[in-house]
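Spelled out from the first residue to the last, the chains are:
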Amino acid sequence: MFLCIYSSVLYKFFSAVSTWLLAPLLRPPILRSRVRGSRAGKPENQIYHGFTNPRRAPGSAPGEGRCPQGAAAALREPPLPSAPGAAAASPPAPSRRRRGRPGTGEARRLSRQRRAQGTSPPGCAGAQVSDGCRVVLKMPSEKQTAVKYYVGVDVGSASVRAALVDGFGTVVAHAEQPIQVWEPQPDHYEQSSADIWAACCCVTKEVVRGVDASQIRGLGFDATCSLVVVDKHFQPLAVNSEGQNQRNVIMWMDHRAVSQVKRINATQHRVLSYVGGAMSVEMQPPKLLWIKEVFGITYNNVKILCCGDVAVKQPKAIRERDEERAPHKYLWKAERWGVPLQNLPESWEKVGYFFDLPDFLSWKATGVTARSLCTVVCKWTYTSDRGWDDSFWKMIGLEDLVKDKYEKIGVIGADVKGHNLPCENQPITSRVAMICGTSSCHMGVSETPIFVPGVWGPYFSAMIPGLWLNEGGQSATGKLIDHVVRGHVAFPELEAKAEASAHSIYTYLNSHLDLIKKSLPVGFLTVDLHVWPDFHGNRSPLTDLTLKGMVVGLTLSRGLDELALIYLATIQAIALGTRHILEAMQAAGHEITTLFLCGGLSKNPLFVQMHADITGKPVVLSKEVESVLVGAAILGACASGDFASIQEAMAKMGKIGKVVQPNHEHKRFYDKKYEVFLKLVEHQREYRSIMNSL
């Protein structure tokens, strides 16, 4: 079996969307192509464009998992022996844990009900339920022995999913496994790479159960752009004050490195022009700098171990607040921390490798440490033509990465004809794809570099060889909807009524809005209720992580009607944020006529219709609901050699589904809503200015 390793930080875009959005206009990516040169630091190829064949099994065990029947071993050979004296990973310390995929699907509650009842969803021939892992099987083909299959694995923020896909792009089976998320303090989000890998093994084994191994032709990964930290022997290293090595992943949505990203942006280095003019706290350089400054600093030849705004200086000299002598951090007494010295995290010098999560998965599956070109370009400041910029890393205080020759961080669409779409006879550059789940990404390409203030990129060949990529984004979308709905006082009533009607909470809310709208269009219900959606800061186009959420128009009402209205206003705010991003891209030179949506939120018809109405653009959905998984499987199909090119695989396996047209009669209403939307952020900044004048 050949492996296609997709390793992109674009949050599933290339695998999920390009398969049906971009064909047949794509040039084929270069299989096993890697960037060479002196910048790589080694003679062998180290950075690849998205595909690779396996060389050997991964070099370390996946760790503890909840995978039944030994599924954690499904994709690996016995691990290499640990380094002498290496300690076993510690169990996770008690802290807040989140499960599930918040706000990213219409059927999560029903799925849990069916899992408990052991029943199959409608339209499926059967379902297998095992501890912590759910697999759904569709009716098998009568000629199953002649079918070639491909596996797509999708690692989201709170779960791992896999699908078995046939050569026609049909999902034959899919499985889902939750993964743990720790939030030890505000804006700190952590995961375990061992837990994630065990879940990958689990769902993969479940979807291929009963299928002859010779029929499994390829495997593709996609994942979030989280940061994985391991030591020189590929053992996990803690990114937390408790010293829990198992928690070795800083999630993409983690905002702990606020101070670091401010200092990076203050340099105004030339590489920042390729990330919209200002680096996001969600990118990797500020997180690397945070790890270095917080988990191991040498000051006056004395090791300082610290956490957050608290530090311990060894061996005896402990000082109170000393800004001049310890410019990286104030020094505080050890008693303020309350953590025994022996429990301190490993120091910076212990780090062997930093991986973007997709690259970590490709290493686990193949044993190859090569990084994806897409990964290092989009979140690490690498450029495909010039490589790493030494001056940038030296300027921000990470010069030791340069000395190591970057060994730690990476030594280096479907046919739209016949759907009457505006983009049908236009180039691929007229389309923007949205991947909408816990957060949302907005992906557009151009033939020449377009610099969009507040929008990441342009990145050359990061997604499509030969084209420049811009990536806008919203840090909290599905998560925001879930936060607003579940935090409302009427949520218990909603949950009970949804369960009684055998619907998901979001399907029930959509139906309830239809009941209360009377003769009005449903969107008009929020004429005096407005939301600014940046509860987790603004990624694009304002690049201001200090912005907060706003709600204008609240009353004393506490019932289900009010919950439905704030739910609607939140969805509209997310769509208005998308319009804000699209207008910034268009003002800079993009010509956008059509939106392509995928991800969990694309399954919500209200979310889709609001995006069509508010942006004024048609929204295209994939024929296969699990388009993210199909996209990953298509990459596996391409790497298997069963198709001559990725275009051929896309044409065969990716299909256009529903097209949602905007209601142009509502344009004036949403233009007014957008006017209010922009006023909200203007007012928030005015309020801040007033309070800062104290």
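Figured I'd write up the structure that's included with this text. (Residues numbered from 1 in each chain as written. Predicted model: local features only at pLDDT ≥ 70, side-chain atom pairs only at ≥ 80, totals over all residues. Heavy atoms only, no water.)

**Thoughts on the overall build of the protein**
The line we're drawing: Helix and strand definitions here come from DSSP, where helices need a minimum of 4 consecutive H or I residues and strands a minimum of 2 consecutive E residues; each element is numbered from the N-terminal end. We call a residue buried when its accessible area falls under 20% of the maximum for its residue type, exposed when it is over 50%, and partly exposed in between, using a 1.4 Å probe and counting protein chains only. Only the protein chains shown count as cover for residues, and the accessible areas themselves come from Shrake-Rupley with a 1.4 Å probe.
Looking only at helices and strands, the protein has 20 helices and 27 strands in total. Burial statistics for the protein: of 694 residues in total, 60% are counted as buried. Per element, the accessible surface of the protein, about 27300 Å² overall, is 53% carbon and sulfur.

**Examining the packing of aromatic side chains**
For clarity, the threshold we go by: Classification of ring pairs uses Phe, Tyr and Trp, with its six-membered ring standing for Trp, and accepts pairs whose centres are within 6.5 Å; under 30 degrees between planes counts as stacked, over 60 as edge-to-face, and the remaining range as tilted.
Taken as a whole, this structure holds 19 aromatic pairs when the rule is applied. With centroids separated by 4.6 Å and ring planes inclined at 15 degrees, the aromatic side chains of F234 and W363 adopt a geometry described as stacked. One end of the pair, F234, is in the loop between β12 (227-231) and β13 (249-250); the other, W363, is in helix α8 (residues 357-366), and 129 residues separate them in sequence. The same class applies to F234 as to W363, namely buried.

**Some remarks on the sheet that holds strand β19 (residues 431-436)**
Quick reminder of the rule: Only strands that DSSP links by at least two bridges are regarded as paired with each other. Where helices are involved, their axes are fitted lines through C-alpha atoms of the stretch in contact, as for all axes, and angles between N-to-C directions lie from 0 to 180°. Contact definition: two residues touch when any of their heavy atoms are within 4.5 Å.
With mixed pairing, seven strands are arranged side by side in an open sheet as β21-β22-β20-β19-β25-β26-β27. Either end of the sheet is taken by a strand with one partner, and the two such strands are β21 (456-460) and β27 (656-660). On average, each strand axis in the sheet is inclined to that of its neighbour by 25 degrees, with strand direction left out of account. As judged from the three bridges shared by strand β25 (residues 594-598) and strand β26 (residues 619-622), these two strands associate in the parallel manner. Directly across from L595, in β26, lies its bridge partner V619. Each of β19, β20 (440-446), β22 (468-474) and β25 touches helix α16 (residues 560-588); the most contacted strand, β22, lies at about 150 degrees to it.

**Quick look at the pairing of strand β17 (residues 351-356)**
The buried fraction of β17 is high, at six of six residues. Two elements, β12 and β17, share five bridges in a ladder whose sense is antiparallel. Considered in β17, the bridge of V230 is made with Y353.

**Quick look at the pairing of strand β7 (residues 159-166)**
Of all eight residues in β7, eight are buried, a share of seventy percent or more. By the alternation rule, side chains of β7 split into S159, R161, A163 and V165 and V160, A162, L164 and D166, which are all buried. Note that strand β6 (residues 149-155) and β7 share seven bridges and pair antiparallel. Opposite V151, over in β7, you have L164 as the bridge partner. Once β6 ends, the chain turns through three residues before running back antiparallel as β7.

**So, the pattern of salt bridges**
Just so we agree on the cut-off: Salt bridges are defined by distance alone: a side-chain nitrogen of Lys or Arg within 4 Å of a carboxyl oxygen of Asp or Glu.
Scanning all chains against the criterion turns up 25 salt bridges. E399 is the salt-bridge partner of K292, the closest N and O atoms lying 3.6 Å from each other. Residue K292 is found in helix α6 (residues 284-295), and its partner E399 is found in helix α11 (residues 399-403); the two are separated by 107 residues along the sequence. K379 is the salt-bridge partner of E471, the closest N and O atoms lying 3.2 Å from each other. By relative accessible area, K379 is classed as buried at 1%.

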